[in-house]
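Reading the structure
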Amino acid sequence: MSIPSELYPSQDDLLYEEELLRNPFSLKLWWRYLIARTESPFKKRAVIYERALKALPGSYKLWHAYLRERLELVRNLPISHAQYQTLNNTFERALVTMHKMPRIWIMYLTSLTEQKLVTRTRRTFDRALCALPVTQHERIWEPYLVFVSQRGVPIETSLRVYRRYLKYDPGHIENLIEFLLNSKLWQEAAERLAGVLNDDRFYSIKGKTKHRLWLELCDLLTQHATEISGLNVDAIIRGGIRKFTDEVGRLWTSLADYYIRRQLLEKARDVFEEGMTTVVTVRDFSVIFDAYSQFEESVLALRMETMTESEDEEEDGETENGIEDEDEEDDRLDVGKLEEKLKKFWVSDYKDVNLRIARFEHLMDRRPELANSVLLRQNPHNVEQWHRRVKIFEGNPTKQILTYTEAVRTIDPMKAVGKPHTLWVAFAKLYESHKDIGNARVIFDKAVQVNYKAVDNLASVWCEWAEMELRHKNFKGALELMRRATAEPSVEVKRRVAADGNEPVQIKLHKSLRLWTFYVDLEESLGTLESTRAVYERILDLRIATPQIIINYAMLLEDNKYFEDAFKVYERGVKIFKYPHVKDIWVTYLSKFVKRYGKSKLERARELFEHAVEMAPAEVVKPLYIQYAKLEEDYGLAKRAMRVYDQGTKAVPSNEKLSMYEIYIARAAEIFGVPKTREIYEQAIVTDGLPEKDAMKMCIKYAELEKSLGEIDRARKIYVYASWLADPRSDGDFWNKWHEFEVQHGNEDTFRDMLRIKRSVSARHSQTHVMLPEYLMQKPTVDEAMDALKKAGVPEDEMAALERQLAPAAPKTTTTTTTTMDSGNRKLGFVSGGVQSSETASGIQNQEEIELPESDDEEEDDDDGKVEISQKDVPEAVFGGLVRKRDEEEEEEQVKKDNENGDAGSRLGALERIKRMRQGN
């Protein structure tokens with residue numbers, strides 16, 4: 001066979017050929033030769049490779065490069081091409097010396113896998129595993145498993161390969177299970193999965209949890225129940241139920257589904273029932289109940305469909321029997337026909353449609369009861385759930401009684417959620433509603449012996465028992481029950497309980513306020529006054545009384561004309577309780593005492609009020625002061641009433657001072673007249689601690705009062721004083737009122753002064769808010785206000801100027817008005833409301849007086865030309881109510897005396913009346 005000329009060495013190859021002739025075993029020379037002929041055809045490079053490998057058969061570098069070029073050559077060729085056979089032969093020749101090189105094996109195995117040569121590939125994988133050391137088997141097994149997982153590989157072959165692989169690495173059993181599931185080998189898959197779950201040392205390389213593997217096994221067993229045998233499915237699933245509590249409902253339905261697929265329908269019903277009666281969550285119960293109801297509904301539909309088909313077959317059979325000949329042979333020995341006839345018998349399952357309908361309806365009716373059972377399994381001490389369970393059986397007294405019995409036996413009062421005594425009470429009322437009073441008393445008698453968590457629960461049971469006796473007109477029995485309940489345990493019983501260390505609530509029952517309250521109500525309704533008083537006294541001795549009980553006790557005594565005893569009860573109440581609880585007792589006590597005795601025991605009433613206002617805190621003392629002042633107005637002295645009001649204004653908190661002053665001023669004006677209120681206004685505005693806003697309101701009212709009395713200058717001075725309390729930006733009402741006042745009663749100068757003061761006050765407030773810290777933003781002092789008024793251009797008080805002028809002339813003046821008007825003690829901008837002495841008044845000269853020419857005949861002018869001065873009546877409000885009351889009393893006495901003397905028609909002079917009054921005295 002001739003060799004093509006292109007395969008011979010060319011002129012360029014001679015250099016490499018000569019070197020190779022000198023040293024044919026040099027890998028470096030052969031590699032340089034191949035690199036130099038990179039662009040040559042593959043056939044020429046193949047000749048060079050073959051020559052090199054013949055000289056160096058153990059060179060991995062040459063074999064690897066040669067095989068890669070061979071693989072690249074066949075990459076785009078079909079697998080049936082002849083080049084693949086050449087490639088395989090080349091690999092086989094390479095493995096003669098490269099059988100320890102895993103990379104060569106992997107290249108060969110990958111190529112065989114792509115060629116779909118199953119048997120040759122399997123055997124080559126086996127040869128590779130035999131040739132390579134165990135430490136390098138992992139590199140072979142990976143493509144081996146990929147190969148056996150391909151389509152076309154026999155399942156048995158793949159299964160044996162996986163089994164061999166598990167001997168090498170048991171941790172990859174999940175791959176085998178997955179392969180078995182894909183191959184529909186359910187039996188072995190279930191066995192392998194069960195083995196995995198039984199192995200406590202198993203660790204999933206795919207990150208699956210035991211819980212997930214359990215669910216996969218349950219699904220496998222239930223979905224292929226007829227194809228898997230040899231495993232105790234019931235035990236496996238129940239083990240999962242005990243171990244994994246978060247998927248209990250799904251596991252129960254899986255077990256029931258297993259029996260359904262095995263055609264064991266009754267066993268499936270038992271599983272459903274067991275599941276519904278054992279789960280402890282509503283979610284699991286819903287899953288099981290829905291599956292159970294769906295199962296019953298599907299079975300019922302199947303039965304009805306089957307019954308319809310059987311009826312059609314019967315009709316067809318009757319038609320055929322009418323056509324058959326009478327000579328047909330006897331078929332009594334035909335087993336098939338005999339079974340068909342037996343199916344038509346009345347006990348056949350095909351006729352139980354009504355039974356299945358009733359079973360389905362019964363299941364749906366039981367849902368509330370079953371759901372309630374689930375909640376009670378979560379917490380059997382839940383009182384509310386037991387009440388709901390009883391309500392489910394409404395209309396069925398037997399079931400209700402059984403439920404109550406189970407409830408009171410199950411619930412531990414110390415662990416109960418809710419009030420366990422309500423179950424006993426409802427249990428007894430159930431018997432009462434059915435006219436069985438005897439059993440109701442038995443239930444109550446057992447209920448009062450239970451050791452409840454709280455005393456109030458036991459007291460409620462006793463009260464309910466007594467109310468039942470009252471409803472049935474057994475009044476003596478109700479009272480006897482209350483005496484029995486409130487009886488104090490003996491010393492021996494207390495000693496025995498103390499020795500045990502576990503004190504039941506029955507020992508503390510005699511101090512239950514609820515029980516005593518009910519008992520005293522019964523005594524008031526059914527008992528005598530002495531027995532009722534004994535109960536009240538016992539409550540007070542036990543120190544469990546409340547303010548309401550004190551008031552009730554006192555009112556009981558008052559209704560029965562025991563007034564002093566009632567007041568003694570009030571006294572005990574105010575000693576027992578403190579504020580704020582004693583407030584109602586004081587108010588009731590004082591009102592009752594004043595109503596009872598009025599003026600007869602005025603000093604005692606005053607002592608009570610003094611004690612009450614002394615003990616009361618500032619927040620609640622205002623009503624007591626008002627009530628105290630009302631007492632003095634009605635039965636005492638008006639001055640004492642004013643003194644009480646004055647004390648009240650100092651005792652109440654700042655936020656109530658304004659309202660207290662308003663009441664004080666109103667009463668003073670009514671009793672003593674309007675002039676009396678000036679002192680109160682001055683006290684409120686200047687000396688008392690009224691807040692600025694309230695002080696400004698008081699100034700406005702004071703100014704209105706002075707204006708109504710015609711004292712325009714005094715009103716203006718009040719407005720000037722109050723202006724330093726009113727910010728023009730926020731207190732616009734004050735400035736509007738002053739503006740209206742000046743418009744009505746002022747002139748141009750006074751109006752200009754008002755505007756100047758307003759600007760000064762506005763500037764002061766603006767600077768204060770911007771520049772001063774908060775602790776300096778306070779009410780101005782008297783000196784500061786005087787200086788500010790001078791700077792603003794306001795004329796100094798004329799009265800003060802006159803007083804300073806007259807100070808040397810009248811140094812001994814000691815009247816009240818002069819002392820009040822002294823410049824050192826004088827209040828800012830006020831004109832005193834007192835009466836000046838005659839000496840001071842005569843010494844004052846009017847600087848603005850108009851001088852008139854003197855006349856010689858003054859007397860003639862006085863006699864002949866008298867000037868008439870118009871007079872104005874003084875308002876009655878100025879005098880007050882006491883003056884009017886005095887005048888009315890004097891007129892009544894005079895009328896009586898005139899009637900007695902018989903000269904009622906003649907009017908006597910004032911002097912004569914005074915003489916007769918003195919003679920009568």
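Residues numbered from 1 in each chain as written. Predicted model: local features only at pLDDT ≥ 70, side-chain atom pairs only at ≥ 80, totals over all residues. Heavy atoms only, no water.

Trans peptide bonds make up the majority, and among non-glycine residues the majority have a negative phi. The phi dihedral of Gln 263 falls on the positive side, at around 65°, and the residue is not glycine. Along the chain, Gln 263 falls in the loop between helix 14 (248-261) and helix 15 (265-276). With phi around 70°, Lys 561 is a residue other than glycine that occupies positive phi space. Within the fold, Lys 561 resides in the loop between helix 29 (547-559) and helix 30 (563-576). Taking relative accessible area as the criterion, Lys 561 reaches 63% and is therefore assigned exposed. (Helix = DSSP H or I, 4+ residues; strand = E, 2+ residues; numbered from the N terminus. Buried < 20%, exposed > 50% of the residue type's maximum accessible area, 1.4 Å probe, protein only.)

A word on the packing of helix 14 against helix 15. Packing of helix 14 against helix 15 brings their axes to within 8 Å, and their N-to-C directions diverge by 170°. The angle between helix 14 and helix 15 places the two elements in the roughly antiparallel class. For the pair formed by helix 14 and helix 15, the contact residues are Trp 252, Thr 253, Leu 255, Ala 256, Tyr 259 and Ile 260 on the first element and Leu 265, Lys 267, Ala 268, Val 271, Phe 272, Glu 274 and Gly 275 on the second. When grouped by side-chain class, the residues that make up the contact of helix 14 with helix 15 number nine nonpolar, two polar and two charged. (Axes fitted to C-alpha atoms, helices over the stretch in contact; angles between N-to-C directions. Parallel < 35°, antiparallel > 145°, perpendicular 65-115°, else oblique. Contact = heavy atoms within 4.5 Å. Nonpolar A, V, L, I, M, F, W, Y, C, P; charged D, E, K, R; others polar.)

Turning to the packing of aromatic side chains, a few remarks are in order. Taken as a whole, this structure holds 24 aromatic pairs when the rule is applied. Ring plane angle 5° and centroid distance 4.4 Å describe the contact between Phe 125 and Tyr 144, whose orientation is recorded as stacked. One end of the pair, Phe 125, is in helix 7 (residues 118-131); the other, Tyr 144, is in helix 8 (residues 137-148), and 19 residues separate them in sequence. Both rings, one in Trp 516 and one in Tyr 519, keep their centres 5.9 Å apart while their planes meet at 40°; by these two values the pair is tilted. With Trp 516 and Tyr 519 both in helix 27 (residues 513-526), this residue pair falls three residues apart, about one helical turn. For Tyr 519, a relative accessible area of 6% translates into the label buried. (Phe/Tyr/Trp six-rings, centres within 6.5 Å; stacked < 30°, edge-to-face > 60°.)

A few words on the side chain of Ser 373. One can find Ser 373 in helix 19 (residues 367-378). Given a relative accessible area of 15%, Ser 373 falls into the buried group. Polar side-chain contacts of Ser 373 include one of 2.9 Å to the side chain of Arg 389. (Polar contact = N/O pair within 3.5 Å; in protein donor to acceptor, adjacent residues only side chain to side chain.)

Going through the model one piece at a time under the given rule, you end up with 37 salt bridges. In this structure, Glu 266 and Arg 359 form a salt bridge, with 3.7 Å as the shortest nitrogen-oxygen distance. Placement of the pair is Glu 266 in helix 15 and Arg 359 in helix 18 (residues 353-365), with a sequence separation of 93 residues. Judged by relative accessible area, which is 44%, Glu 266 ranks as partly exposed. With relative accessibility at 26%, the residue Arg 359 sits in the partly exposed group. The shortest N-O distance in the salt bridge between Asp 456 and Arg 514 comes to 3.6 Å. Of the two residues, Asp 456 sits in helix 24 (residues 455-471) while Arg 514 sits in helix 27, which places them 58 residues apart along the sequence. (Salt bridge = Lys/Arg side-chain N within 4 Å of Asp/Glu carboxyl O.)

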